[in-house]
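Overview (structure and organization)
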Amino acid sequence: AARRRLLLDAAFARMAEDDGRGSSIDQLCRDASLNKRYFYESFADLTQLEHAVVDELAAQLLAIGLEAANAGRDAGHSTEQLSRATMTAVLGYLVEDPRRARVLFGPTVGGQRAAEHRKATVRWLARELAKFGHVFHGATSSEPVAEVAAALLIGGSMEVVLSWLDGDIAMSLDQLVDYLAGLWVILGDGAVTLARRAASR
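What you are looking at is a predicted structure, and each value in this text was computed from that prediction instead of being measured. (Residues numbered from 1 in each chain as written. Predicted model: local features only at pLDDT ≥ 70, side-chain atom pairs only at ≥ 80, totals over all residues. Heavy atoms only, no water.)

**Here we look at the overall build of the protein chain**
Selection criterion: Comment: elements are numbered from the N terminus, with helices defined as DSSP H or I runs of at least four residues and strands as E runs of at least two. Contact between two residues is taken to exist if any of their heavy atoms lie within 4.5 Å; hydrogens are not considered. Calculation of accessible area relied on Shrake-Rupley with a 1.4 Å probe; when residues are assessed, cover is drawn exclusively from the protein chains displayed. His residues and chain termini do not enter the charge count, which takes Lys and Arg as positive and Asp and Glu as negative. Note on charges: their place is set at NZ of Lys, CZ of Arg, CG of Asp or CD of Glu.
What the protein chain contains, in helices and strands, is eight helices and zero strands. Each helix (α) and strand (β) of the protein chain, taken in turn from the N terminus, gives the series α-α-α-α-α-α-α-α. By sequence separation, contacts in the protein chain at least 24 residues apart represent 66% of the contacts at least 6 residues apart. Counting only carbon and sulfur atoms, one obtains 54% of the accessible surface of the protein chain, whose full area is about 10900 Å². When the 22 positive and 26 negative side-chain charges of the protein chain are each reduced to one mean point, those points stand 5 Å apart.

**Focus on the pattern of salt bridges**
Rules: What counts as a salt bridge is simple: a side-chain nitrogen of Lys or Arg found within 4 Å of a carboxyl oxygen of Asp or Glu. Think of it in three bands: with a 1.4 Å probe and only protein chains considered, a residue is buried below 20% of the maximum accessible area for its type, exposed above 50%, and partly exposed in between.
Enumeration according to the criterion identifies twelve salt bridges in this entry. The partner of arginine 3 in a salt bridge is glutamate 41, and the shortest N-O contact between them spans 2.4 Å. With arginine 3 in helix 1 (residues 2-16) and glutamate 41 in the loop between helix 2 (25-31) and helix 3 (46-74), the pair connects residues that are 38 residues apart, well separated along the chain. Owing to a relative accessible area of 44%, glutamate 41 belongs among the partly exposed residues under this scheme. Measuring nitrogen to oxygen at the nearest pair gives 3.2 Å for the salt bridge that ties glutamate 128 to lysine 131.

**Some thoughts on the nonpolar core**
To keep things clear, this is the line we draw: Side-chain atoms within 4.5 Å link the members of a nonpolar core, which is a set of buried Ala, Val, Leu, Ile, Met, Phe, Trp, Tyr and Cys residues.
One finds Leu7, Leu49, Val53, Leu61, Leu91, Leu94 and Phe105 to be the most contacted residues of the largest nonpolar core, which totals 48 residues. With nine residues, helix 3 is the single largest residue contributor to this core. Every residue in contact with phenylalanine 105, bar those within four places of it in the chain, is listed here: Leu61, Leu94, Arg118, Leu125, Met158 and Leu162.

**Remarks on unusual backbone geometry**
A positive phi angle, near 55 degrees, is found at serine 33, a position not held by glycine. Here serine 33 lies in the loop between helix 2 and helix 3.

**Re the packing of helix 7 (residues 144-165) against helix 8 (residues 173-200)**
Operational definition: An axis is simply a line fitted to the C-alpha atoms; with a helix, the fit covers only the stretch in contact. Between two such axes, the angle follows the N-to-C directions and lies from 0 to 180 degrees. Roughly parallel means an angle under 35 degrees; roughly antiparallel, over 145; roughly perpendicular, 65 to 115; everything else is oblique. Here a crossing is called left-handed whenever its near helix is offset anticlockwise from the far helix by less than a right angle, and right-handed whenever the offset is clockwise. Three classes are used: nonpolar for Ala, Val, Leu, Ile, Met, Phe, Trp, Tyr, Cys and Pro, charged for Asp, Glu, Lys and Arg, and polar for all others, with Gly counted as polar.
Here helix 7 crosses helix 8 at 165 degrees, and the two axes come no closer than 10 Å. With respect to helix 8, the axis of helix 7 lies roughly antiparallel. In the packing of helix 7 onto helix 8, the handedness of the crossing is right-handed. Every residue of helix 8 that contacts helix 7 at Val145, Ala149, Leu152, Leu153, Ile154, Ser157, Val160, Val161 and Trp164 is listed here: Leu173, Leu176, Leu180, Leu183, Trp184, Leu187, Ala191, Leu194 and Ala195. The residue makeup of the contact of helix 7 with helix 8, split by class, is 17 nonpolar, one polar and no charged.

**Topic: the environment of alanine 2**
Counting through the fold element by element, alanine 2 comes out in helix 1. Residue alanine 2 is classed as exposed on the basis of its relative accessible area, which comes to 59%. For the pair alanine 2 and serine 142, spaced 140 residues apart in sequence, the C-alpha to C-alpha distance is 42 Å.

**Things to note about the packing of helix 1 against helix 3**
When two helices pack together, their arrangement is captured by the angle between the axes and the distance separating the axes. In the contact formed by helix 1 and helix 3, the axes pass within 9 Å of each other and the chain directions differ by 90 degrees. The angle between the axes of helix 1 and helix 3 places the two elements in the roughly perpendicular class. On helix 3, the residues that touch Arg4, Arg5, Leu7, Leu8, Ala11, Phe12 and Met15 of helix 1 are Leu49, Glu50, Ala52, Val53, Val54, Glu56 and Leu57. Of the residues contributing to the contact of helix 1 with helix 3, the split by class is ten nonpolar, no polar and four charged.

The structure is reproduced here in structure tokens:
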């Protein structure tokens, strides 16, 4: 487990540096101060290791977001309060170490497998968001609009965060939290309205 952790950390650092171009198993083992044979006790190849890095970041991001959202729901917070608390927690995690956002949401250079895995990760996050939305709004059945709204929220927020980190959006972190949280509420409420209209038909 300790050797696996060293390899994950080394791969994360390489993936954040110029999108991981030029990484190799030999290089990562040198970075982790491990003999090459130890690589294969945890991973079949370099792609599997890089997928594990992305999976770990996504799981941490989701856990932080759900913890904040569930706490707000259990405390009886309004949708606006819950959204802001959740956005504060999620963006705090991403900007604490900006490499997290770049590795999780930035361009991939690992070929088709890497691109497909990244897309699958984003779809997974969107599905989990849709599930929470169904519970929070008391939906009695699965509504397709929830999947659409969740995809818009996850995909759009990814682009906004990366643009903000690149300096293309000039505002403070507090402003970014306020705007994104507000837009999540607007789109979420709109999705609920559309779902109710569909149900009435």
